[in-house]
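# Chains, contacts and geometry: an overview
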Amino acid sequence: MIMWKDTGMGSMLFQLLLVSFVFLSFVDNGSAGVTSKFVRQEWPSDDIPLDNEAFAVPKGQNAPQQVHITQGDYDGNAIIVSWVTPDEPGPSQVRYGTSEKKYDFTAEGTVKNYTFYNYNSGYIHECLVDGLEYDTKYYYEVGVGDSARAFSFQTPPKIHPDAPYKFGIIGDLGQTYNSRSTIEHYMESGGQAVLFVGDLSYSDRYQYHDVGVRWDTWGRFIERSAAYQPWIWTAGNHEIEYMPYMGEVIPFKSYLQRYPTPYAASKSSNPLWYSIRRASAHIIVLSSYSPFVKYTPQWRWLAEEFKRVDREKTPWLIVLMHAPIYNSNEAHFMEGESMRTVFESWFIQHKVDVVYAGHVHAYERSYRVSNIHYNVSGGDRYPVPDKSAPVYITVGDGGNQEGLASRFQDPQPEYSAFREASYGHSTLEIKNRTHAFYHWNRNDDGKRVATDSFMLHNQYWGSSRRRRKLNKNHVHTVLASMPHRLRRPL
Ligand SMILES: [Fe+2]
């Protein structure tokens, strides 16, 4: 057994390990970027037919369907449960407890419906269940009599800098056979909550009544995961549903009715931008399609929210948005540039760890770069290596009916570390305050294939000054949490 001391040999070896991980992970700048040579098999990317079992309507008169949960407060001891009853409102009650089929508590919610052209929604229920214990399995039930349906979920550990947690990251999912492959692979990954980076149902690809119907099918489609663990929502362009020829001009109309967020808990004025804290992570959700320039409500909120981030409590600072800031795919090239000019300097200043986006139907990961010295009238116009910058990751590859964005710019820009046009999802497995394992998992002919992976170092606790503050026990914890192959002598 190796014995460590606070300083000296132990510290030197720990430093060596950290440096080696950076090298192994290709996150460091200076490595050549990779454009994967993998060519995926051409599965059709058509929407699954309405009568497919993937969209099965639950049995029973007025049975609740489209059940999904999201975090209901700032720190993770509440959830919001949403569901739809098709025929009549029925009660908006959630019965819950810590034993199966034994519901000691009830929470009362609200119900509403809406119209979209000639589509009439079912009765959409929304119920806050709060005062939950951390790190506890709860069982819950919605509906009445023979039509009642039961589910369960696990609350996260209490906010703590070393609380481990595994997030999944999914974007641009849609409701095709590829979407089904993505969601099935994600459910095998052991992820505990989904960070969803926008473009949910792609129902806006339809007309008239079918727009609403495809929201319903999508709700039933994701229930297999979203009823059992929170999905943290980000709005994309397909949520705008701007259809003047149908008289529908209210942006995000269906999305806002169906997918509530806990925005008020983070002092936001709008459900489209908000933040949550979960385990050891502070997650900021931004809206690419709402005003964000200086003095707008989103800009003001984000300025204040960054002040509330406490890396001593939540070391991991994660930002979600839909349109990527660094993207070398020909699809949607530079669509995130306006947000980059407004927020990138804040991401650097506050040492954001990672920014996840979707929108581009492919996978791409950046090196740590910034372009905050860009000057419209001067010569500075290229991204440069920047150790304070986040890693930017695009996972718009959930598998929707628009297919893959397979044309990347050639040559690969220096800021691009890895890119591949395949369907898949990512996971971020936080081990403690300093280290997290990241994987991108390609859907490959029915298999889940870990394709791009690296060790993410925390931007706050990774500094040498703060590392020295960590005590001997913490060093032991870090080493114990590493995969064995990464612990071998270097
Ligand atoms: Fe999009």
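Residues numbered from 1 in each chain as written. Predicted model: local features only at pLDDT ≥ 70, side-chain atom pairs only at ≥ 80, totals over all residues. Heavy atoms only, no water.

### Details of the coordination of the iron ion
Going by this rule: A donor here means any N, O or S atom no more than 2.8 Å from the metal (3.2 Å for Na, K and Ca); water is not included, so a site may seem to lack partners. Burial classes: relative accessible area under 20% of the type maximum marks a residue as buried, over 50% as exposed, and values in between as partly exposed (1.4 Å probe, protein chains only).
Around the iron ion, the protein contributes the donor atoms Asp199 (OD), Asn237 (OD1), His322 (NE2) and His359 (ND1), which lie 2.1 to 2.2 Å from the metal centre. Since its relative accessible area comes to 23%, Asn237 is described here as partly exposed.

### What to know about the packing of aromatic side chains
Where we set the bar: The aromatic pairing rule takes the rings of Phe, Tyr and Trp, using the six-membered ring of Trp, and pairs them if the centres are within 6.5 Å, calling planes under 30 degrees apart stacked, those over 60 edge-to-face and the rest tilted. Working definition: helices are DSSP H or I runs of at least four residues, strands are E runs of at least two. Numbering for both runs from the N terminus. Criterion for a charge above a ring: Arg CZ or Lys NZ at most 6 Å from the ring centre, at most 35 degrees from the ring normal.
Taken as a whole, this structure holds 34 aromatic pairs when the rule is applied. When the centroid spacing of 6.5 Å and the interplanar angle of 70° are considered together, the rings of Phe306 and Phe347 count as edge-to-face. Of this pair, Phe306 sits in helix H5 (residues 297–308) while Phe347 sits in helix H6 (residues 337–349), placing them 41 residues apart in sequence. Here the aromatic rings of Tyr438 and Phe454 are separated by 5.0 Å at their centres, their planes lie at 40°, and the arrangement is tilted. Here Tyr438, found in strand S25 (residues 435–444), pairs with Phe454, found in strand S26 (residues 447–457); they are 16 residues apart in sequence, far enough to count as distant. Comparing Tyr438 with Phe454, the two get one shared label, buried. Connected via pairs of aromatic rings, a cluster forms that spans Tyr96, Phe105, Tyr138, Tyr140, Phe151, Phe153 and Tyr228. If you follow Arg340 out to its NZ or CZ, it ends over the ring of Tyr374, 5.8 Å from the centre.

### Let's talk about the confidence of the model for the protein
Detailed reading of predicted coordinates is not advised where the pLDDT is low. Defined as follows: As a per-residue quantity, pLDDT reports the predictor's confidence and falls between 0 and 100. Any two residues whose heavy atoms approach within 4.5 Å are treated as being in contact.
In this model, the protein carries an average pLDDT of 90, and 87% of its residues clear a pLDDT of 70 or more. Long-range and interchain partners of residues 1–30, a stretch whose pLDDT sits below 50, account for 53 contacts in this model, where long-range means more than four residues apart. The model gives residues 485–490 a pLDDT under 50, and that stretch makes 11 contacts with residues more than four places away or in other chains.

### Things to note about the pairing of S25
Regular strands place side chains that alternate from one sheet face to the opposite one. We count it as follows: Paired strands are those between which DSSP finds at least two bridges.
Counted residue by residue, S25 has 9 buried out of 10 residues, so it is predominantly covered. The pairing of strand S24 (residues 424–430) with S25 spans 7 bridges and is antiparallel. Counted as the bridge partner of Ser426 is Trp440 from S25. Hairpin connection from S24 to S25: 4 residues lie between these consecutive antiparallel strands.

### Considering the environment of His209
Among the structural elements, His209 can be located in helix H3 (residues 209–226). Measuring from C-alpha to C-alpha, the distance between His209 and Asn120 comes to 8.2 Å, with 89 residues separating the pair along the chain. If near-sequence neighbours (up to four positions away) are discounted, His209 is found in contact with Asn118 and Tyr119.

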